[in-house]
Structure formats: structure tokens, C-alpha cells
Amino acid sequence: MSRLQDGVDRGSAAPAGTGGLRLPRGRQLLAFAVVGCFLLCACGMTTLRAGAWISSFLEDRGSDHSSGGAKVLADWPANSAVLTAAVSESMAETLDGLAGEFNRRRERTPDGELKRIELVTLSPRAMVEESLGQPRFQAVAPDSSLWLVLIEQRWRELYPPGEGRLPESRVGPSARFAVSPIVVAAEVETARLFGWPQQTVGWGEVLGRATAPPTGFRWGHPGPENTAGVLATLSAFYTGAGITRGLTQELALQPGVLEYVRMAESTALEIGLGDDPTGGRDVGVEVGSAAEGLRSGILDVAVVQEQTVIAANRSWNRSRAGLEGGGGDGRDLPEGHLVAIYPREGTLWADHPLALLELDGRAGPALTQNQRRAFRSFTNFLLGKESQQVLLEAGFRPVDGTLDLHSDPSPFAIDISVDPLLPQTSLPLPGRAVMEIALEAWRYTRPPANIVFVVDTSESMDGGKLAKTKAALHGFLDQIEGDGDKIGLVDFGTGVAGSGGLRRLDETGRRQTAELIDRLEAGGATELIDAVWAAHSALQDAADAEAINAIVVLTDGRDNDSERSLRALRAAMQEARIQVAVYAVAFGRDADEELLQAFADVGGGQFHRVDETSVEELYRLIATEIRASE
């Protein structure tokens with residue numbers, strides 16, 4: 001993509017070194033749709049488009065990509081000077097403070113409208129998806145310009161230029177207002193095991209420990225919906241290819257490179273973006289924040305933005321000061337202190353752009369001239385010296401080259417675990433095709449999946465429930481890419497009907513599975529245990545130990561007619577050669593939660609009631625569980 005600047009971007013010097021990119025520069029949930037999201041994440045069978053499709057079933061009014069609340073239909077007056085910007089979590093707190101300061105200035109447009117900045121926190125990936133429709137925001141601040149590239153390219157795919165016409169742009173003027181290199185964070189003692197600070201450490205050493213069998217080494221990074229997660233995966237592709245520039249689609253898809261990335265990612269845990277060392281959610285081996293994971297010993301290293309290290313140490317020092325009567329100047333690097341390792345081969349950067357979206361009115365209100373004015377004013381405000389100083393004190397590197405990073409109150413002058421002179425080399429951001437591969441790396445590197453749906457077709461499912469279930473099944477099936485995965489279908493009412501085993505999802509298998517879905521009919525009792533037994537038997541008959549094997553159980557009732565007992569099923573699963581995870585989903589008040597929990601426990605999976613957990617939460621929980629168990 002072109003620079004997309006209109007003179008607002010003042011530019012700044014690139015970091016020292018060579019090469020490449022030079023920086024800085026619902027109420028009602030449809031139960032089966034949630035099951036689809038289970039598999040979307042746990043088994044990596046579908047693309048992001050599948051998740052978007054499934055989400056349309058979740059609420060009567062549609063789903064919300066934001067961190068909470070119902071979806072807001074975009075609407076604003078024709079003279080509105082209120083600019084709403086979607087901002088990533090890593091920058092949300094800092095930008096919120098700056099937006100508040102801007103709003104207190106009470107600037108007005110020529111026609112007297114009050115300029116105001118409002119923020120909504122979203123993952124960068126959600127920004128991309130929402131920007132392709134009619135978003136509730138007019139600007140985006142997604143941590144990296146790579147997301148602007150994706151918005152622009154996907155927009156042009158949706159709306160290709162007509163003959164003799166230039167393509168329309170979705171991304172308008174933009175400006176970088178801060179930067180932060182991607183680093184390998186570790187506790188000081190772990191860093192010293194790598195030879196830090198006397199020796200430089202490379203991606204090769206870090207990922208080499210992760211990929212060398214047998215290994216107890218664990219690394220982590222945010223998920224692929226966030227900048228640091230995508231850039232961490234890109235770094236693994238660079239390392240696997242043995243290069244520091246020129247990463248092409250052909251190189252990234254070489255079997256040896258994909259195998260290297262698969263091995264590295266199989267040891268990686270997904271971490272949250274919070275900086276509170278005592279925060280985060282404690283679910284299995286999930287890591288609520290990089291600092292929490294590193295200090296608890298769950299992680300050896302974590303790939304994050306440099307600013308995350310600074311913020312984590314500041315929070316840690318404050319907590320120690322309250323307990324010990326003083327936090328020192330940070331130079332003694334106390335226990336629990338994190339250090340930033342700048343990989344020897346070079347690293348990628350989060351370049352923190354703020355970009356205006358060219359909303360043309362085809363799906364909702366168009367961008368107003370006053371919103372353009374508010375964007376320009378806020379951009380100039382962010383690039384001003386006072387705002388740049390605020391960004392520096394928050395741990396981001398400013399784009400204003402006149403600010404001294406080595407003098408107080410710069411955190412780089414206080415915390416010697418970060419070095420403003422590093423990295424000396426920047427890895428170039430590859431082309432869009434490679435970035436798409438990194439976004440969907442799990443799809444290229446995961447083992448095949450064998451999944452058996454266990455579908456309740458008892459009398460209680462008659463009518464709308466079964467009709468919506470069929471629609472969700474068809475939609476899920478349509479979005480599965482490739483023919484390496486296999487699907488089985490077991491439905492149960494009075495009796496258990498199998499689909500004849502697992503079907504590979506080639507053209508014939510897809511057609512046959514679709515026909516089976518269409519023929520589902522409701523009626524009879526609930527032989528739930530017998531149905532799970534049949535699904536488990538089908539996976540044992542397949543005898544595919546190299547694949548991810550899973551059963552997804554969906555029911556709104558209780559077992560009342562099975563011949564087999566739970567004890568017999570438990571014994572069969574425990575003695576089986578092929579390990580099978582069971583994901584049990586209850587919807588409605590009559591579902592037997594105790595039995596479903598027992599299925600999940602013996603099968604090493606999870607149980608959820610669909611009205612307890614959001615789709616995003618299910619995604620995170622299942623993805624973390626599967627990754628940790630590999």
C-alpha cells in the first residue's frame with residue numbers, strides 16, 4: 001500500500017540499521033453457532049470469514065466486535081464534528097487520556113460545531129472486519145500499518161474499480177504518532193541464561209529452544225487478532241526461512257518453513273495484553289498478561305511490544321514500593337523485573353498509525369467535513385510536543401526526534417532493561433500475501449482435524465431450534481477450507497443414527513454431509529450417552545492418532561433412554577488408544593449440566609452453557625486449551 005499520507009504525517013527518522021521497512025514512521029444465543037465457534041478456534045478448521053458468518057446467528061441484533069456492549073448502529077448528523085476512533089488495547093489507556101485533554105480545549109469548526117474525540121477499544125483484526133461495512137467509527141488506530149494494508153486490499157476486493165477508473169480507497173490520510181519495537185520479554189534471570197546482557201540474542205536461539213525436542217520451553221504472544229501476535233508469527237516465518245528480508249509467499253509456504261512455524265507455535269501460549277502483574281484471568285494454563293505469565297513461570301519468554309515491558313516494570317516497582325518502602329531506580333533489576341531482548345537478526349515494529357476512513361455513504365452516513373477537521377486537529381495535537389512527551393512517558397517511542405530519550409522523565413533513562421539505541425536492524429514488513437498467511441498460520445501448520453458432531457434431534461428440538469441448527473451446520477460446512485479435515489454426524493432421539501463414519505471434506509464428502517444435514521428430523525426421547533458412545537467409536541475406528549480428534553455435543557435435554565451407562569462410557573474413553581476431546585454445550589434450562597460436565601472431564605475437553613460465555617471468550621478458552629495440550 002502507498003503511504004496514504006496527505007501531508008499530516010510529518011515522518012521521522014528510521015531506527016538505526018539496515019533494510020526493509022524503516023520505522024518509526026447475543027440477547028439470545030443460537031447454541032449451535034457457538035459450537036461452530038468452538039471448532040473454529042479449537043481445531044482451526046475455518047477462516048475468519050466463518051467466524052463472521054457464525055456471529056450473525058448470535059444475537060437478534062447482530063454481534064459486537066468491541067470489548068463489551070451491544071452493537072451500535074452507526075449514525076451521526078451531517079454536520080457532526082465528533083470523531084470516533086477505534087483504538088487497540090495496548091494504546092487505549094494512553095490515547096484516552098490524550099483524547100480527554102484534546103476535548104478540554106473545546107475547539108470548534110467554522111460553523112460552530114464542537115470538535116470532540118471519542119474512542120472504542122477493539123482488536124486490530126476486528127477493526128479490519130468492521131471497516132469493510134458501515135463501522136461505528138470514522139478513524140482507526142490499530143498499532144501497525146499492516147492492518148491498514150489489509151483494510152485497503154480487502155476493500156478493493158469487495159469493490160473493484162470499474163473499467164478506466166482508479167480504485168476507490170477505504171483508508172484516507174494517516175499519520176504515525178508513536179512507535180514501539182517488538183521484543184522478547186523475559187525475567188532477568190531467564191534473560192541471563194541466554195547470555196544477556198553481555199551477548200546478543202537472536203530469534204534463532206529463542207525459537208530454537210522452543211522447537212528442540214524434547215522441550216519444556218514455553219514462549220507466548222498475543223493472538224493473531226493483535227499486532228504483536230501477528231508480528232511474532234512473522235518473526236517465526238523469517239527465522240524458519242533463515243532470512244532477514246525478502247520473505248515471499250513462496251518461501252513462507254515451503255514445507256520446511258511451515259513445519260518450523262508449526263513446531264514453534266505448538267509451544268506458544270496465547271497471552272493477554274494487560275500489564276497488571278496480578279491481573280488477568282486464571283483459566284487452566286491461560287496467561288492473562290505477559291508479566292503474569294513470565295513471573296508465574298508459565299512462560300519462559302513472551303513476544304510483546306517494548307512498551308509492555310516498560311509498563312509492566314513500572315507497575316511491578318510500584319507494588320514493591322508499597323511493600324518494601326521503596327522501589328529504587330530500577331537499576332538493580334530486582335526479582336520479577338522484565339528485560340527486553342532485541343533480537344540480533346532484527347525485529348518488526350508497531351508503528352501506531354491513526355488513519356481516517358473514507359466512509360462514502362453507501363451503507364450509512366458519510367464522513368462529514370467537520371469530522372475531517374476533527375481528525376486533522378487531533379492528529380496535529382498528537383504530533384505536538386506535549387502529547388509526544390506523554391506518549392514517551394507511557395513507554396512508547398515518540399516520532400518527535402527532538403525529545404531526549406536519555407533524560408528524565410523518559411522511562412528509557414530510568415529502566416535499563418530497555419535500550420533506545422536498539423534494535424539496530426528492522427525486519428521489513430512483507431507483502432500482503434505473506435501477512436495473510438501469518439494471520440491464518442494455524443490453518444497452514446495445524447494437524448488435520450477429525451470432528452464428530454453429536455446433535456440432539458429429540459422432540460424438544462422440533463420447529464425453530466432444528467431449523468436454525470441446520471442453517472448453522474450448512475453455513476459452517478460451507479466455510480471449511482481444504483480437504484484434509486473430516487466430519488462425522490451423529491443425531492439422537494429415540495435411537496442413534498450415525499452418518500456412516502467420518503467423511504473427508506472433498507467435493508463428494510461435502511455434498512453427502514449437506515444431504516445428511518437436510519434429512520435431520522426431530523422426535524423421540526434423548527439417548528445422549530449412546531450417541532456420545534457412537535461418536536467415540538467412530539473416531540476409534542478411524543485410528544488417526546496424528547489428527548486432532550474431538551466430539552462436540554449439543555443438547556437441550558437430559559438422557560432418558562440410553563442403554564449404556566456413564567461409567568461404561570468413561571471406562572471406554574479412558575482405555576482408548578486414540579485420545580478424544582469432548583466439548584459439551586448445554587442450552588436451555590433443562591440440559592443435564594452434570595452429565596455434560598462429566599463428558600468434558602473424561603474427554604479432556606470443556607463444558608459451557610451458551611448463555612454464560614461470549615463467543616470471544618469461547619474462542620480464547622478453546623484455542624488456549626488445544627495449543628497447550630499439543
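Our structure is the block above this text.
Figured I'd write up the structure that's included with this text. What you are looking at is a predicted structure, and each value in this text was computed from that prediction instead of being measured.

Describing the sheet that holds strand β3 (residues 139-141)
As summarised here, the arrangement of the 5 strands in space is β2-β1-β3-β12-β4, forming an open sheet in which the pairing is mixed. Where the open sheet ends on each side, the last strands, each with one partner, are β2 (116-121) and β4 (171-176). Going across the sheet, the axis of each strand differs from the next one's by a mean of 25°, ignoring polarity. Contacting β3, β4 and β12 (353-357), helix α5 (residues 145-158) runs over the sheet at an angle of about 175° to β4.

Focus on the pattern of salt bridges
Taken as a whole and judged by the stated rule, the model has 20 salt bridges. For Arg 104, the salt bridge is made with Glu 101, and the minimal N-O distance between the two is 3.1 Å. With Arg 104 and Glu 101 both in helix α3 (residues 89-104) and 3 residues apart, this pair spans about one turn of that helix. Residue classification places Arg 104 among the exposed residues on the basis of a relative accessible area of 58%. Judged by relative accessible area, which is 34%, Glu 101 ranks as partly exposed. Notably, a salt bridge pairs Arg 156 with Glu 152, separated by 3.0 Å at the nearest N-O pair. Remark: Glu 152 and Arg 156 occur in helix α5; sequence separation between them is 4 residues, near one turn of the helix. By relative accessible area, Arg 156 is classed as partly exposed at 30%. Three or more residues joined by partner-sharing salt bridges are found here, namely Glu 129, Arg 154, Glu 157, Arg 432 and Glu 436.

Points about α3
The first and last C-alpha atoms of α3 sit 23 Å apart over 16 residues, in line with the 22 Å expected at 1.5 Å per residue. Within α3, the axis deviates most sharply at Leu 95, by approximately 30°. Taken together, the buried positions of α3 are occupied by Ser 90, Met 91, Ala 92, Thr 94, Leu 95, Leu 98, Ala 99, Phe 102 and Asn 103.

Rules used in this analysis
- Residues numbered from 1 in each chain as written.
- Predicted model: local features only at pLDDT ≥ 70, side-chain atom pairs only at ≥ 80, totals over all residues.
- Heavy atoms only, no water.
- Pairing = 2+ DSSP bridges.
- Helix = DSSP H or I, 4+ residues; strand = E, 2+ residues; numbered from the N terminus.
- Axes fitted to C-alpha atoms, helices over the stretch in contact; angles between N-to-C directions.
- Contact = heavy atoms within 4.5 Å.
- Salt bridge = Lys/Arg side-chain N within 4 Å of Asp/Glu carboxyl O.
- Buried < 20%, exposed > 50% of the residue type's maximum accessible area, 1.4 Å probe, protein only.
- Expected span 1.5 Å × (residues − 1).
- Bend = angle between axes of the 7 residues up to and from the residue.

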